[in-house]
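Descriptive structure summary
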Amino acid sequence: MRFLMTTKGTDPNPDAAMMAEMGAFIEEMTRAGVLLATGGLEPGGVRMISSAGEITVTDGPFTEAKEAIVSFALIEARSREEAVELARRFWRIVGDGEGMVQQVFGPEDVPGPDSR
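The text that follows walks through the structure, step by step, so that each part is easy to find. (Residues numbered from 1 in each chain as written. Predicted model: local features only at pLDDT ≥ 70, side-chain atom pairs only at ≥ 80, totals over all residues. Heavy atoms only, no water.)

1. Brief notes about the sheet that holds strand β2 (residues 35–40)
Backbone-to-backbone hydrogen bonds join strands into a sheet, with any given pair of strands oriented parallel or antiparallel. Spatially, four strands are ordered β2-β5-β1-β6 in an open sheet, and the strand pairing comes out antiparallel. The sheet is open, and its two borders are formed by β2 and β6 (99–104), each paired with just one other strand. Neighbour-to-neighbour, the strand axes of this sheet turn through a mean angle of 15°, independent of strand direction. As paired strands, strand β1 (residues 2–8) and β6 are joined by six bridges and run antiparallel to one another. When the bridges of β6 are listed, phenylalanine 3 appears paired with glutamine 103. The strands touched by helix α2 (residues 80–94) are β1, β5 (69–76) and β6; relative to β1, the strand with the most contacts, the crossing angle is about 30°. (Pairing = 2+ DSSP bridges. Helix = DSSP H or I, 4+ residues; strand = E, 2+ residues; numbered from the N terminus. Axes fitted to C-alpha atoms, helices over the stretch in contact; angles between N-to-C directions. Contact = heavy atoms within 4.5 Å.)

If you want it as structure tokens, here you go:
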């Protein structure tokens, strides 16, 4: 099962000890084949809205920095509980903050015409 872990705005200046601990955690998850992708996100972005055939494109930023999603990790876990435990480990390293863990569904999760 794949899960997307996202974090909202956090301290932009982490200390060296936290960075070292996070590096070790990322390396452990990568070696175990759990971490599929990770990265930071630009603070602004582009908002796209499609309505009645019209597509509107608006440059960001849109929310306060503390409300914006600033980073993500795509992981492969055996269960939601395992994904939540990995997120707990992440937050123990990072400290205070807010984020989400959401299951990611792909084409293999969509029932085919023969599954009715």
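Structure's up, so let's keep going.
2. Side note on the pairing of β5
As judged from the seven bridges shared by β1 and β5, these two strands associate in the antiparallel manner. Residue phenylalanine 3 lies in a different strand from β5, and its bridge partner there is isoleucine 75. The pairing of β2 with β5 spans five bridges and is antiparallel. Bridge pairing in β5 places glycine 39 opposite phenylalanine 72.

3. Thoughts on the pairing of strand β3 (residues 46–51)
The sheet contact formed by β3 and strand β4 (residues 54–59) spans six bridges and is antiparallel. Across the sheet, the residue bridging to serine 51 is glutamate 54, located in β4. Hairpin connection between β3 and β4: a loop of two residues separates the two successive antiparallel strands, and alanine 52 in this loop has a positive phi of roughly 55°.

4. Notes on a nonpolar patch on the surface
Together, Val46, Met48, Ile55 and Val57 line one region of the surface with nonpolar side chains, adding up to about 410 Å² of accessible area. Those elements giving two or more residues to the nonpolar patch turn out to be β3 and β4. (Patch = residues over 30% accessible without salt bridge, like charges linked within 9 Å, V, L, I, M, F, W, Y side chains within 5 Å. Areas by Shrake-Rupley, 256 points an atom, 1.4 Å probe, with all protein chains shown as cover. Salt bridge = Lys/Arg side-chain N within 4 Å of Asp/Glu carboxyl O.)

5. Topic: helix α1 (residues 16–31)
With 16 residues, α1 extends 22 Å from end C-alpha to end C-alpha; this agrees with the ideal 22 Å at 1.5 Å per step. Those residues of α1 lying buried are Met18, Met22, Phe25 and Met29. The arc that holds every buried residue of α1, seen down its axis, measures 60°, which confines them to one face. Turned more than 90 degrees away from the buried face of α1 sit Ala16, Ala17, Ala20 and Arg31, all of them exposed. In the segment just after α1, glycine 33 is the residue with positive phi, at about 80°. (Expected span 1.5 Å × (residues − 1). Buried < 20%, exposed > 50% of the residue type's maximum accessible area, 1.4 Å probe, protein only. Arc of directions from axis to C-beta.)

6. Structural notes on the packing of aromatic side chains
Per the stated rule, a full pass over the model turns up one aromatic pair. Between the aromatic rings of phenylalanine 90 and tryptophan 91, the centroid separation amounts to 5.1 Å while the plane-to-plane angle is 85°, which identifies the pairing as edge-to-face. (Phe/Tyr/Trp six-rings, centres within 6.5 Å; stacked < 30°, edge-to-face > 60°.)

7. Here's the deal with the environment of leucine 4
In this structure, leucine 4 sits in strand β1. You can call leucine 4 partly exposed: its relative accessible area is 27%. Taking the C-alpha atoms as reference points, leucine 4 and glutamate 76, separated by 72 residues in sequence, lie 9.1 Å from one another. Not counting the four nearest positions on each side in its chain, leucine 4 is found in contact with Phe72, Ala73, Leu74, Met100, Val101, Gln102 and Val104.

It is worth stressing that arrangement in space is one thing and function is another; only the former is reported here.
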